[in-house]
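# Chains, contacts and geometry: an overview
Here's the letter readout for the chains.
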Amino acid sequence: MTTLHLPLDRSSGTPILRQIYQGLRRAILDGRLRPGQRVPSTRALAGELGVSRLPVLCAYDQLLHEGYLEGRTGSGTFVSAALPDDLLRSAITPVAAARRGHSSPPRARDEGGLGPFRMSLPALDQFPHTVWARLVARHAHGLTHAQMAYGDPAGQVPLREAVAEHLRAARAVRCEAEQVLIVSGSQAALRLATAVLLERGSRVAVEEPCYPGARAALGANGAELVSLPVDDEGLSVGSLRKRGGRVRAAYVTPSHQYPLGVSMTAARRFALLDWAFHHRAWVLEDDYDSEYRYVSRPLGALQGMDAHERVIYIGTFSKVLFPAVRVGYLVVPPSLWQRFVDAREAFDLFSPTLYQLALAEFLREGHFARHLRRMRGVYLERRDALLAGLARHCGDRLTVHNADAGLHVAVLLAAGLDDSDVVRRMAARGLTATALSTCYAGKARRSGLLLGFGGSTERRLLDATRVLGEVLRASA
Ligand SMILES: Cc1ncc(COP(=O)(O)O)c(C=O)c1O
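In short, a report on the structure. Computed from a predicted structure; not experimentally measured.

## Re the site of the ligand
Near the ligand lie 13 residues; those nearest to it are Ser 120, Ser 186, Asp 286, Thr 316 and Ser 318. Against a free-state accessible area of 400 Å², the protein chains account for coverage of 93% of the ligand. Split by residue class, the shell around the ligand holds four nonpolar, six polar and three charged.

Following this line, the structure appears as structure tokens:
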């Protein structure tokens, strides 16, 4: 039981017993204490209020008698689970009503839960729980006083060193630990970059279609988003050039364009870096799932090709471990470092130290590299199962646009099929896909589906493609 805010006015002339009774009753009626919630023991409340136990006992007795409280033998005193509704309604304020859930509950972001085709989900069933639990427990037990106090806004040094080592080796990123800033995921990284680099009214180029989360983060400070087309080579740098020097930054997903899946060609990458250099603009490289590539070797990061420090590189552990770990990172050019660290500190000081330490050890002891290697095989099998199922059950209604990398496959629907309508029908059958049209800022040029395969087993994916085939035939 948390402590209870119950102000007493000793000079008011109202007996203390009455003030305690009224204070508790009011807390129940306006929803600060909820049905079923435990209230403090009489001894604890008396201690908190600095009064003898007798008035508290009397107040509780009265509330028990009136049905506001109920005692449960051996486990304490609770707000009655079955408070008469009209009793509550009569006294309740609109704000309290909303808090009590009488208005519609807050919308859960993840309406699709863990259903088949759910985007952005890794194979949670394959995560090495035992190793992870051991590392978290070890660090939880061993936290020093210094580690329990305020931490470095840039992140824990061992984690920054381990991330830098991984990025240099696996992604050809040119960086030192002194450029690595730990944040709570790529979404936070984008928000931070926005705060540091963009002002209200600044222009930032984004891909069309684009990851909606990136759009939301980049536009949050009032920057103007300029959507530029993506073709088979990635973002159209020709369109960017036509905008001249008024665009301050470009957001790109060069390793695996979200959502279409293309990988930006080397020629485009050089053209983009050249644009940034000549216009003193910034490139925000979101390298969200580059670790998984099935048809050729993963391309190095754009950041590693940049000779003029115009790229801010963003990565995340959401796909390679699990989203709820909430750890991501930026690699920032030295010239911007202090501004980023200051802005990060102003936002939320620093990321939780315990997870950072456990994660650093996870990387250092080789568990991360082992997990990645194993997952490449798992995802290849899942992707192949999805492709086989699509060919068998849906081949006449859709074409696979890209399945070369990452944890999702982009498919285009046959003419006449509206992707939002199909997604609604899929949801009614327990499938969770994303409509490609939701990724367009303007009129959608294509109707398609984004089918996540990372979070589902092969059997489940095969079954889901059969249901998808039925949905598509019924929608046509
Ligand atoms: C392209 C892209 N960028 C960023 C993110 C956000 O990742 P994080 O969980 O690290 O905030 C996602 C999540 O799906 C994504 O698909």
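## Observations concerning the sheet that holds strand β3 (residues 76–79)
If you walk across this open sheet you meet the three strands as β1-β3-β2, and the pairing is antiparallel. In the strand order of this sheet, the two ends are held by β1 (38–39) and β2 (69–72), each with one partner. Pairing analysis gives four bridges linking β2 to β3, with the strands arranged antiparallel. Bridge pairing links Glu 70 to Phe 78 in β3. Taken strand by strand, helix α3 (residues 53–66) contacts β1, β2 and β3, and its axis lies near 100° from that of β2.

## As for the environment of Ile 312
Along the chain, the position of Ile 312 falls in strand β10 (residues 311–316). Overall, Ile 312 belongs to the buried group, its relative accessible area being 0%. Here the alpha-carbon distance between Ile 312 and Leu 190, two residues 122 residues apart in the chain, equals 9.7 Å.

## A few points about the sheet that holds strand β12 (residues 398–402)
Overall, antiparallel pairing links the four strands, which are arranged β12-β13-β15-β14 in an open sheet. Strand pairing shows two members of the sheet lacking a second neighbour, β12 and β14 (434–435), which therefore form its edges. As judged from the five bridges shared by strand β13 (residues 408–413) and strand β15 (residues 448–452), these two strands associate in the antiparallel manner. In the strand pairing of β15, Val 409 is matched with Leu 451.

## Points about the nonpolar core
Among the nonpolar cores identified, the biggest contains 64 residues, and Phe 117, Phe 317, Met 426, Leu 451 and Leu 468 are the most heavily contacted of them. The element best represented in this core is helix α15 (residues 367–394), accounting for eight residues. Other than its neighbours up to four places away in sequence, Leu 468 contacts Phe 117, Leu 390, Cys 394, Leu 398, Met 426, Leu 431, Leu 449 and Leu 451. Ranked by size, the runner-up nonpolar core spans 30 residues in total, among them Ala 189, Ala 193, Leu 198 and Ala 214.

## Points about unusual backbone geometry
Between Glu 208 and the following residue, Pro 209, the backbone shows a cis peptide bond with an omega angle of 5°. Counting through the fold element by element, Pro 209 comes out in the loop between β5 (203–208) and α10 (212–218). Here the amide bond leading from Tyr 258 into Pro 259 is cis, since omega sits at 10°, within 30 degrees of zero. Unusually for a residue other than glycine, Glu 309 sits at a positive phi of about 55°. With respect to the element layout, Glu 309 can be found in the loop between β9 (282–286) and β10. According to the relative accessible area criterion, Glu 309 is partly exposed, its value standing at 40%.

Criteria and cut-off values
- Residues numbered from 1 in each chain as written.
- Predicted model: local features only at pLDDT ≥ 70, side-chain atom pairs only at ≥ 80, totals over all residues.
- Heavy atoms only, no water.
- Near = heavy atom within 4 Å.
- Areas by Shrake-Rupley, 256 points an atom, 1.4 Å probe, with all protein chains shown as cover.
- Nonpolar A, V, L, I, M, F, W, Y, C, P; charged D, E, K, R; others polar.
- Pairing = 2+ DSSP bridges.
- Helix = DSSP H or I, 4+ residues; strand = E, 2+ residues; numbered from the N terminus.
- Contact = heavy atoms within 4.5 Å.
- Axes fitted to C-alpha atoms, helices over the stretch in contact; angles between N-to-C directions.
- Buried < 20%, exposed > 50% of the residue type's maximum accessible area, 1.4 Å probe, protein only.
- Core = buried A, V, L, I, M, F, W, Y, C linked by side-chain atoms within 4.5 Å.

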